[in-house]
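Observations on the model geometry
Listed below, chain by chain, are the residues.
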Amino acid sequence: MNTETPLLEVSNLRKYFGGVRAVDGVSFRVYEGELIFLIGPNGAGKTTLVNLVSGYLKPDSGLIAFNGRDISRLDMASRVKLGIARSFQFVNVSWSISLLENIAIAIASRRGINLSMLRSLESHTDVIEEAIQLAKLVGLEKNLDKLPLEVSQGDRKILDVVMTLALKPKLLLLDEPTSGVSTRDKFDIIDRIVSAIKATGISSIIVEHDMDIVFSYANRIIAMHSGRILADGPPEDVRSREDVRAVLLGGLYA
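Residues numbered from 1 in each chain as written. Predicted model: local features only at pLDDT ≥ 70, side-chain atom pairs only at ≥ 80, totals over all residues. Heavy atoms only, no water.

Some points on the sheet that holds strand β1 (residues 8-17)
- Pairing in this open sheet of four strands is antiparallel, and the strands run β2-β1-β4-β5 from one edge to the other. The open sheet terminates on both sides in strands that have one partner only, identified here as β2 (20-30) and β5 (69-70).
- In the sheet, β1 pairs with strand β4 (residues 61-66) via five bridges, with the strands oriented antiparallel. Within β4, the position partnered with Ser-11 by the bridge is Leu-63.
- Each of β1, β2 and β4 is contacted by helix α1 (residues 46-54), which is oriented at about 120° to β1, the strand it contacts most. (Pairing = 2+ DSSP bridges. Helix = DSSP H or I, 4+ residues; strand = E, 2+ residues; numbered from the N terminus. Contact = heavy atoms within 4.5 Å. Axes fitted to C-alpha atoms, helices over the stretch in contact; angles between N-to-C directions.)

Considering the pairing of strand β7 (residues 171-175)
- In terms of residue burial, β7 counts as a mostly covered element, since five of its five residues are buried.
- Burial along β7 is two-sided: the residues Leu-171, Leu-173 and Asp-175 and Leu-172 and Leu-174 are all buried.
- Taken together, the four bridges between strand β6 (residues 84-87) and β7 define a ladder with parallel strand orientation. Counterpart to Arg-86 in the pairing with β7 is Leu-173. (Buried < 20%, exposed > 50% of the residue type's maximum accessible area, 1.4 Å probe, protein only.)

Observations concerning the pattern of salt bridges
- Enumeration according to the criterion identifies 17 salt bridges in this entry.
- With its nearest N and O atoms 3.0 Å apart, the salt bridge here joins Glu-9 to Arg-29. Taken together, the positions of Glu-9 in strand β1 and Arg-29 in strand β2 put the pair 20 residues apart, joining distant regions of the chain.
- As a salt-bridge pair, Asp-24 and Arg-228 come within 3.1 Å of each other at their nearest N and O atoms. Separated by 204 residues along the polypeptide, Asp-24 in strand β2 and Arg-228 in strand β10 (residues 228-233) bring together distant segments of the chain.
- Look at Asp-24 and you get buried, because its relative accessible area is 7%.
- With a relative accessible area of 47%, Arg-228 lands in the partly exposed category.
- One connected set of salt bridges, linked through shared partners, spans Arg-14, Arg-21, Asp-24 and Arg-228. (Salt bridge = Lys/Arg side-chain N within 4 Å of Asp/Glu carboxyl O.)

Details of the side chain of Ser-72
- Following the sequence through the fold, Ser-72 ends up in the loop between β5 and α2 (76-82).
- By relative accessible area, which is 4% here, Ser-72 ends up buried.
- Within the structure, the side chain of Ser-72 is placed 2.8 Å from the backbone nitrogen of Ile-64, a separation counted as a polar contact.
- With sequence-adjacent residues up to four places away left out, Ser-72 is seen in contact with Lys-58, Pro-59, Gly-62, Leu-63, Ile-64 and Arg-79. (Polar contact = N/O pair within 3.5 Å; in protein donor to acceptor, adjacent residues only side chain to side chain.)

Notes on the packing of aromatic side chains
- The full count for this structure, using the stated rule, is one aromatic pair.
- Look at Phe-187 and Tyr-217: their rings are 6.2 Å apart centre to centre, the planes differ by 35°, and that puts the pair in the tilted class. In this pair, Phe-187 sits in helix α6 (residues 183-200) while Tyr-217 sits in helix α7 (residues 211-217), placing the two residues 30 residues apart along the sequence.
- Overall, Phe-187 belongs to the partly exposed group, its relative accessible area being 35%.
- In this structure Tyr-217 comes out as buried when scored by relative accessible area, which is 15%.
- One Lys or Arg, Arg-239, reaches over the ring of Phe-215 and ends 4.7 Å from the middle of that ring. (Phe/Tyr/Trp six-rings, centres within 6.5 Å; stacked < 30°, edge-to-face > 60°. Lys NZ or Arg CZ within 6 Å of the ring centre and 35° of its normal.)

Right, dumping it as structure tokens:
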């Protein structure tokens, strides 16, 4: 048993939508530096769970504690300030400005800099430098002058993640960062994301459907089914369970 103080503690969390028990009595802990992949079939409750942790949704009951503080009723903006940030399944960037400007604005927002006009970024050379360094962390530095529509879908996904990293979170929540990306590019995208996460030492929970990616990169896997946690542990332990193989893996990885 881990005796460290958890960064995140979720206890008996519930969220129902009418008769649908999207999250039904979920409990788990996240510790500093953990890289966790959250898996499960469609409708398992994965995105709802991430929405609850990030503050996008409020729980019906249960506890969410971050750094020992009860944040169950805090809104999303308040949780960002405490160090919880999330990237959505669909890219959420400004299409009319460059990659560099997107990243720089995220940094300026974290620093509390009011940018009423975009050109005022030019006077904040430290913000621009930090944006460039973040871009280098994930291999975006060659495309910084381009608009999001001028780069690949994979790079747009990376941009969205970098903008989340720009907030300097302690806990990063990613919802299917490889969705919409071609099969041949998926490993490149997740490799760049995971490398950045490890380089910054951020704890992370990543929702992912591609099991090849999950078992290649995860330090720990949480498997959900019907709103509950079916398994939680190291990849080999989760993969060896018959119930996980039957419900989530379709008999693969036996």
